[in-house]
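# Coordinates in review
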Amino acid sequence: MEIVLKYGKSGLPLSLPEDSEIEVLQKRKLPVFPDPESAVRKALASPLGCSSLTQEAKGCRNVCLLICDITRPVPHSVLLPILIRELLHSGFSADAITLLVATGTHRPNEGEELRELIGDEWVFNSIPIVNHFAAREDEHVDLGTTPKGTPVKIARRFMDADLRMVVGLVEPHFMAGYSGGRKVVVPGIAHADTIQVIHSTRMLNQDEVRPGRMEGNPLHEELLQAIEKVGKILAINTVIDQERNLSFINFGEIRESHSAAVSFARPYFEIPVSRKFRTIVTSASGYPLDKTYYQTIKGMMGVVDILEEGGDIFIVSECSEGLGSTTYREAQTRLIQCGAEAFLAESASSTRSAMDAWETVMQIRAMKRGKVHLYSEGLNWEEKKLTGVEVIDNLTQ
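Conventions used here
Residues numbered from 1 in each chain as written. Predicted model: local features only at pLDDT ≥ 70, side-chain atom pairs only at ≥ 80, totals over all residues. Heavy atoms only, no water. Helix = DSSP H or I, 4+ residues; strand = E, 2+ residues; numbered from the N terminus. Expected span 1.5 Å × (residues − 1). Buried < 20%, exposed > 50% of the residue type's maximum accessible area, 1.4 Å probe, protein only. Pairing = 2+ DSSP bridges. Axes fitted to C-alpha atoms, helices over the stretch in contact; angles between N-to-C directions. Contact = heavy atoms within 4.5 Å. Phe/Tyr/Trp six-rings, centres within 6.5 Å; stacked < 30°, edge-to-face > 60°. Lys NZ or Arg CZ within 6 Å of the ring centre and 35° of its normal. Salt bridge = Lys/Arg side-chain N within 4 Å of Asp/Glu carboxyl O.

## Structural notes on helix α15 (residues 357–369)
Between the first and last C-alpha of α15 there are 19 Å, a value that for 13 residues agrees with the 18 Å anticipated at 1.5 Å per step. Burial within α15 is extensive, with 11 of its 13 residues counted as buried.

Encoded structure:
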């Protein structure tokens, strides 16, 4: 059997013996809009839980529009030209519209990468675009704490805007159940203090914190509490197919519209499986999702629930930018030095996570289920040692 795994920009061919017992699991085929631009306009004209964009813009002097960073393949090239023109038509000047890249703790997107992210030259050259920096105290507003004590510090640019909007991608998320919506705000434009608390080991080690789980997921519930402090937010939610074509889009109040998008996505992404498997071959979903090993952990967690105890996960991820941030490298170094159990015990003793250590915590959850094998051409020798898993150079042996 010949299959092509999502890997980098080109994919990775894999030949499997014909006499092997193989079951291919993938999301159901999603519908695709024949005219995506018309779908965007229709969504903007059919708001959920709010008035039309023109009505919402009345009396507003400025707008801050959050967009996901390069690690999320949101179809900005389709969405942004239409949305920006609609905002201009609603009375905003170009310099009253700010595109804020919701980087969370990721590095900024700049230069040609930022141009690729925006996907449209007119938008790129016409509208102010800035990156979020989680560590800059003076660029955030302190909104107090949630009932459970999470500090809520949000980007000042967003809080100072009269009209607040987000554009997100809805797909299963290995911690929050589904991505998009509230996640574009927290952690997308939250201060490091907020991000570190919501990603604490105490939070992430709960069984309900898992892919596809929304109801009863304490992380999802805490994110909702956090955005409640922000006030009114409008959202554009998208779902894309395997080839990253637009399959769904809606517009409305952030909670209601995101919930509707999740309801659409679930039948396609959540596949009933009648048994668990001893061996699983998967990927980190290819470019831009597999640019770092940090992002690769999501691919591991996506299959953990269907792996037999003590089984094997083989995951392919190009990791063209290496391991990830300096702080993530530090977390992985501690994992190698002290071992998984000691790492968890140490991190669980604090109400907040060390920066980027949450990805290491999730990797440990996968490692506790079975053995993880990684195929990657982008990691150097030193980085391979810091993965904490078995790095292989051949999938067929």
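## Considerations on the environment of Lys-29
Relative to the helices and strands, Lys-29 is located in the loop between β2 (12–15) and α1 (36–44). Considering only alpha carbons, one finds Lys-29 and Met-355, 326 residues apart in sequence, at a separation of 37 Å.

## Structural notes on the sheet that holds strand β15 (residues 370–375)
The strand order across the open sheet formed by 4 strands is β13-β14-β15-β16, and the pairing between neighbours is parallel. A single partner strand is all that each edge strand has here, and the edge strands are β13 (277–283) and β16 (390–392). For this sheet, the mean angle separating the axes of adjacent strands, direction not counted, is 20 degrees. Relative to β16, β15 runs parallel, the two sharing 3 bridges. Of the residues in β16, the one forming a bridge with Leu-374 is Val-391. Sheet contacts for helix α12 (residues 293–301): β13, β14 (307–316) and β15; angle to β14, the most-contacted strand, approximately 135 degrees. Sheet contacts for α15: β14 and β15; angle to β14, the most-contacted strand, approximately 125 degrees.

## A short note on the packing of aromatic side chains
Under the counting rule described, the total for this entry stands at 5 aromatic pairs. Centroid distance Phe-264 to Tyr-268: 5.2 Å. Interplanar angle 40 degrees. Geometry classified as tilted. Here Phe-264 and its partner Tyr-268 are both found in helix α11 (residues 254–269), 4 residues apart, which amounts to about one turn of the helix. On the numbers, 5.1 Å between centres and 85 degrees between planes, the contact of Tyr-294 with Tyr-328 is edge-to-face. In this pair, Tyr-294 sits in helix α12 while Tyr-328 sits in helix α13 (residues 326–338), placing the two residues 34 residues apart along the sequence. Directly above the ring of Tyr-287 sits Lys-9, whose terminal nitrogen or CZ lies 4.6 Å from the centroid. Just above the ring of Phe-133 sits the side chain of Arg-136; from NZ or CZ to the centre is 3.8 Å.

## Thoughts on the pairing of strand β1 (residues 2–5)
Two strands pair when backbone bridges link them, and β1 and β2 are joined in this way by 4 bridges, in the antiparallel orientation. Directly across from Ile-3, in β2, lies its bridge partner Leu-14. What sits between β1 and β2 in their antiparallel hairpin is a turn of 6 residues, with Gly-8 showing a positive phi close to 55 degrees.

## A few points about the sheet that holds strand β8 (residues 163–169)
Spatial strand order, β5-β4-β3-β8-β11-β12: 6 strands in an open sheet with mixed pairing. Single-partner strands in this sheet number two, and they are β5 (129–131) and β12 (246–253). Neighbour-to-neighbour, the strand axes of this sheet turn through a mean angle of 20 degrees, independent of strand direction. Bridge count between strand β4 (residues 97–102) and β5: 3 bridges; the pairing is parallel. Paired with Leu-99 across the bridge in β5 is Ile-129.

## A look at the pattern of salt bridges
Using the criterion set out here, one finds 25 salt bridges in the structure. In this structure, the salt-bridge partner of Asp-193 is Arg-352, at a minimum N-O distance of 3.2 Å. Of this pair, Asp-193 sits in helix α8 (residues 192–198) while Arg-352 sits in the loop between α14 (340–348) and α15, and the two are 159 residues apart along the sequence. Among the residues examined, Arg-352 registers a relative accessible area of 32% and is labelled partly exposed. A salt bridge links Glu-383 to Arg-329; the shortest N-O distance between them is 3.3 Å. With Glu-383 in helix α16 (residues 381–386) and Arg-329 in helix α13, this residue pair connects regions lying 54 residues apart in the sequence. Looking at Glu-383, the relative accessible area reads 9%, which means it is buried. Connected via shared salt-bridge partners are Arg-107, Glu-113, Lys-291 and Glu-321.

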